[in-house]
Amino acid sequence: MKYLNYITAFLLFIITSCEHKNIAETPNRQGIIADKAMVVSAHPLASKVGLEVLKNGGNAVDAAVAVHFALAVVYPVAGNIGGGGFLVYRTNEGEYHTLDYREKAPAMAKRNMYLDSDGKVIDEKSRLGHYAAGVPGSVHGMVTAHQKFGSKNWGELLEPAINLARNGFKLTENGASNLNRAQERIEKYSTVKPENLLHNYWNARDSIQYKDLAETLTRIAKNGKAGFYEGETARLIVEEMKRGKGLISFDDLKGYESIWREPIQFSYKDYKITSMGPPSSGGVAIAQLFGMIEHFTIQDWGIDHINTIHVIAESEKRVFADRAEYLGDPDFVQIPIDKLMERKYNQLRASEINFEHASMADEIKAGNFGKEHEETTHFSIVDQYGNAVSSTTTLNGGFGNHVVVGGAGFFLNNEMDDFSALPGSPNMYGLIGGEANSIAPAKRMLSSMTPTIVEKNGQLFMVVGTPGGSTIITSVFQTILNVVEFNMNLQAAVDYPRFHHQWRPNYIQYEKGRFEDNMIEILNELGHELRERTAIGRVDAILVLKDGKMEGGADPRGDDTALGF
Ligand code: GLY
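What counts as what
- Residues numbered from 1 in each chain as written.
- Predicted model: local features only at pLDDT ≥ 70, side-chain atom pairs only at ≥ 80, totals over all residues.
- Heavy atoms only, no water.
- 1 Å grid on protein atoms, 1.4 Å probe; cavity = no way out; pocket = protein on both sides within 12 Å on 5 of 7 lines; lining within 4 Å.
- Points joined across faces, edges and corners; volume = space filled by probe spheres on them.
- Nonpolar A, V, L, I, M, F, W, Y, C, P; charged D, E, K, R; others polar.
- Patch = residues over 30% accessible without salt bridge, like charges linked within 9 Å, V, L, I, M, F, W, Y side chains within 5 Å.
- Areas by Shrake-Rupley, 256 points an atom, 1.4 Å probe, with all protein chains shown as cover.
- Salt bridge = Lys/Arg side-chain N within 4 Å of Asp/Glu carboxyl O.
- Lys, Arg positive; Asp, Glu negative; His and termini not counted.
- Charge placed at Lys NZ, Arg CZ, Asp CG, Glu CD.
- Helix = DSSP H or I, 4+ residues; strand = E, 2+ residues; numbered from the N terminus.
- Buried < 20%, exposed > 50% of the residue type's maximum accessible area, 1.4 Å probe, protein only.
- Near = heavy atom within 4 Å.
- Polar contact = N/O pair within 3.5 Å; in protein donor to acceptor, adjacent residues only side chain to side chain.
- Phe/Tyr/Trp six-rings, centres within 6.5 Å; stacked < 30°, edge-to-face > 60°.
- Lys NZ or Arg CZ within 6 Å of the ring centre and 35° of its normal.
- Contact = heavy atoms within 4.5 Å.
- Expected span 1.5 Å × (residues − 1).
- Bend = angle between axes of the 7 residues up to and from the residue.
- Axes fitted to C-alpha atoms, helices over the stretch in contact; angles between N-to-C directions.
- Left-handed = near helix turned anticlockwise from the far one by under 90°.
- Pairing = 2+ DSSP bridges.

### Some thoughts on the layout of surface pockets
No. 1: Looking at the largest pocket, its volume works out to about 570 Å³.
No. 2: What lines the largest pocket is a set of 24 residues, among which Leu 460, Phe 461, Val 544, Leu 545 and Lys 546 lie closest to the centre.
No. 3: Residues that form the lining of the largest pocket fall into these classes: 11 nonpolar, nine polar and four charged.

### Some points on a negative patch on the surface
No. 1: A cluster of like negative charges, contributed by Glu 516, Asp 517, Glu 521 and Glu 525, occupies part of the molecular surface.
No. 2: Position of Asp 517 among the secondary structure elements: in helix H18 (residues 517-526).
No. 3: Given a relative accessible area of 60%, Asp 517 falls into the exposed group.

### Observations concerning the site of the ligand
No. 1: In the vicinity of the ligand, the residues found are Arg 102, Asn 396, Glu 415, Asp 418, Tyr 429, Ser 447, Ser 448 and Met 449.
No. 2: Arg 102 has a polar side-chain atom sitting 3.0 Å from an oxygen atom of the ligand.
No. 3: Calculation on the ligand without its partners gives an accessible area of 200 Å², and the protein chains cover 99% of this total.
No. 4: Class assignment for the residues of the shell around the ligand results in two nonpolar, three polar and three charged.

### Concerning the packing of aromatic side chains
No. 1: Applying the stated rule across the entire model yields 18 aromatic pairs.
No. 2: With a centroid separation of 5.7 Å and 85° between ring planes, the pair formed by Phe 69 and Trp 154 is classed as edge-to-face. Here the residue Phe 69 occupies a position in helix H3 (residues 60-74), and Trp 154 occupies one in helix H5 (residues 154-167), the gap between them amounting to 85 residues. Taken individually, Phe 69 and Trp 154 each receive the classification buried, so the pair is uniform in this respect.
No. 3: A centroid spacing of 5.3 Å and a plane angle of 45° characterise the contact between Tyr 271 and Phe 461, whose relative ring orientation is tilted. Of the two residues, Tyr 271 and Phe 461, both sit in the buried class.
No. 4: Among the aromatic side chains, those forming a connected cluster through ring pairs are Phe 228, Tyr 229, Tyr 256 and Phe 410.
No. 5: For the cation-ring pair, Lys 148 lies above Trp 260, with the distance from its terminal atom to the ring centre recorded as 5.7 Å.
No. 6: Directly above the ring of Tyr 507 sits Arg 531, whose terminal nitrogen or CZ lies 4.0 Å from the centroid.

### So, the environment of Asp 540
No. 1: Considering the arrangement of structural elements, one finds Asp 540 in strand E17 (residues 540-544).
No. 2: Of the residues examined, Asp 540 reaches a relative accessible area of 0% and is grouped as buried.
No. 3: Measuring from C-alpha to C-alpha, the distance between Asp 540 and Gly 465 comes to 6.0 Å, with 75 residues separating the pair along the chain.
No. 4: Beyond its immediate sequence surroundings of up to four residues, Asp 540 is in contact with Val 40, Ser 41, Ala 42, His 378, Ser 380, Val 463, Val 464, Gly 465, Gly 553, Ala 554, Asp 555 and Asp 560.
No. 5: A distance of 3.5 Å separates a polar side-chain atom of Asp 540 from the backbone nitrogen of Ala 42.
No. 6: Among the polar contacts made by the side chain of Asp 540, one reaches the main-chain amide nitrogen of Asp 555 at a distance of 3.3 Å.

### So, helix H9 (residues 231-244)
No. 1: Across its 14 residues, H9 extends 20 Å between first and last C-alpha, which sits within 8% of the 20 Å expected from 1.5 Å per residue.
No. 2: Looking at H9, one finds that the buried residues are Thr 233, Ala 234, Leu 236, Ile 237, Val 238, Glu 240 and Met 241.
No. 3: Where H9 terminates, the next one or two residues include Lys 245, which has phi positive at roughly 60°.

### Description of helix H6 (residues 173-189)
No. 1: The terminal C-alpha atoms of H6, which comprises 17 residues, lie 24 Å apart, in line with the 24 Å expected from a rise of 1.5 Å per residue.
No. 2: Residue Ala 182 marks the point of greatest curvature in H6, where the axis turns by about 55°.
No. 3: Restricting attention to buried positions, one finds in H6 the residues Gly 175, Ala 176, Asn 178, Leu 179, Asn 180, Ala 182, Gln 183, Ile 186 and Tyr 189.
No. 4: Elements in contact with the buried residues of H6: strand E6 (207-208).

### Here's the deal with the packing of helix H13 (residues 306-326) against helix H16 (residues 471-484)
No. 1: One way to put it is that H13 packs onto H16 with a least axis distance of 11 Å and a crossing angle of 140°. Note that H13 runs across H16; the crossing there is right-handed. Packed against H13, whose contacting residues are Ile 312, Glu 316, Phe 320 and Arg 323, the element H16 presents Ile 473, Thr 474, Phe 477, Gln 478 and Leu 481 at the interface.
No. 2: When its residues are assigned to classes, the contact of H13 with H16 shows five nonpolar, two polar and two charged.

### Side note on the sheet that holds strand E18 (residues 550-554)
No. 1: Spatially, seven strands are ordered E1-E18-E17-E13-E12-E9-E8 in an open sheet, and the strand pairing comes out antiparallel. Each edge of the sheet is formed by a strand with only one pairing partner; in this case those strands are strand E1 (33-34) and strand E8 (264-268).

### Points about the sheet that holds strand E3 (residues 84-90)
Two modes of strand pairing occur in sheets, parallel and antiparallel, and in both the strands are linked by backbone hydrogen bonds.
No. 1: Strand order in the open sheet made by the seven strands is E7-E4-E3-E11-E10-E2-E19, with antiparallel pairing throughout. Looking along the sheet, the strands with just one partner apiece sit at the ends: strand E7 (259-261) and strand E19 (561-564). Across the sheet, the mean angle separating the axes of adjacent strands is 15° when strand polarity is ignored.
No. 2: The pairing of E3 with strand E4 (residues 96-101) spans six bridges and is classified as antiparallel. Pairing of Phe 86 across the sheet is with Asp 100, part of E4.
No. 3: Packed on one face of the sheet, H3 meets strand E2 (38-41), E3, E4, strand E10 (376-382) and strand E11 (388-394) and runs near 155° to E10.
No. 4: Strand contacts of helix H4 (residues 138-149): E3, E4, E7 and E11, with the helix running at about 155° to E4, the strand carrying the most contacts.

And the structure:
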């Protein structure tokens, strides 16, 4: 029953929080084309900031830093300095570097911290308020990426974000409605009322300023990591924790480290795909999806053929069953990555797919080897030198735990909900987790973020990623398929309505327009339950065309904007 409540709340949130558009009506359109460089992000002002850096000779990492901090101001529902994320970088020589700046559980976290005395999960404790926050990784991640690959002055890269915060900017319609939806919670959970955010009703084009955030960003601009993890900002975070009974301490902040991880790499037909490894499940999951799908002739069947939809849904179920069993923080658990990605293993999983009938969730177990509230955000960048960044960052839910750090002006994450609070009990995305993703002090919670870069014949081909909680994995997968199997322009591939299966709950979620009525009947007859919902993901991507120019794919489901030159 509780499970149903979670799922209902999750779906209701999505239904009320996303604008409904019939994406299928969009023709096979092409995105904007650029000769040399491009940035695609969730907000026009952040894309503009990135474009300026690129035009001034900055490289993709410089632009990523500037875009990341700009999003923390103009897109606070997901852009952040109080959250974390992952960054995949490909140099123009084809070297890959993948950075994990995921949040960590505070040292005082305990395995059963979200359970009541009967061992049941306490509603909302891992999602709202101070107790839901993990130790933020974003600032450490940006400094680390910049120290290794940046070329422009650190402080100058933060200037546009500081100016936007200090001088203010005009809200978009989505920005206003995001804030309106969150007013009550922000007021309830912030111990120092953030007057700049609390308003009777926000309208599009209203001006908003973030003066405290401007000061925090100025400290980060001057002092780098220490501007956040030590000194005044750390003091403000720890005081906020004390007022709200949260767990993050000075030691947690000072001890936070982002980590360069081994990339996940695999090939699919003529393509080499590189994505993020654990503690994100994204890379392994898409490797498994492509590893299963390659045994079927989906190109011949076509994108809307029953067989294509069936094998995609059935593959997705199996991947999410494996995810629940095996994936977690690699610093804490042994993950059988090689086995999960093995060709033979995924061939075997694919061979389990029955064309006569959909599998029941209970029939699918993890293989044997012998709710976003989907307010994450992604940006894709290619610079004029040919370097590429694919980065996804999040507070987890929209506005994270809804706590604005008093005097510091930024939201904290509610990433602790990405742990499995109780094995078998769903989190806000309805995702089930197991022992591998149980809570432990200083452990990183499992993510679905899938910042990805695709090569064709050794050349940069595509930079792609999306927000969307558990649907991130399936949206990245389907967008790549739309281009490489179904020959769509990138923008059309991004526009095309998506569907998603995550094993449990055992139904296909789909966007309006994805399936004709008769297809829904056929899928029902096959044993698939389907539920229509609103937007799945907001994919921001770049495709390198045959003539060397680039196409930007900015998702029409949000304010996403591609800019290039
Ligand atoms: N917080 C969403 C994710 O990391 O998957």
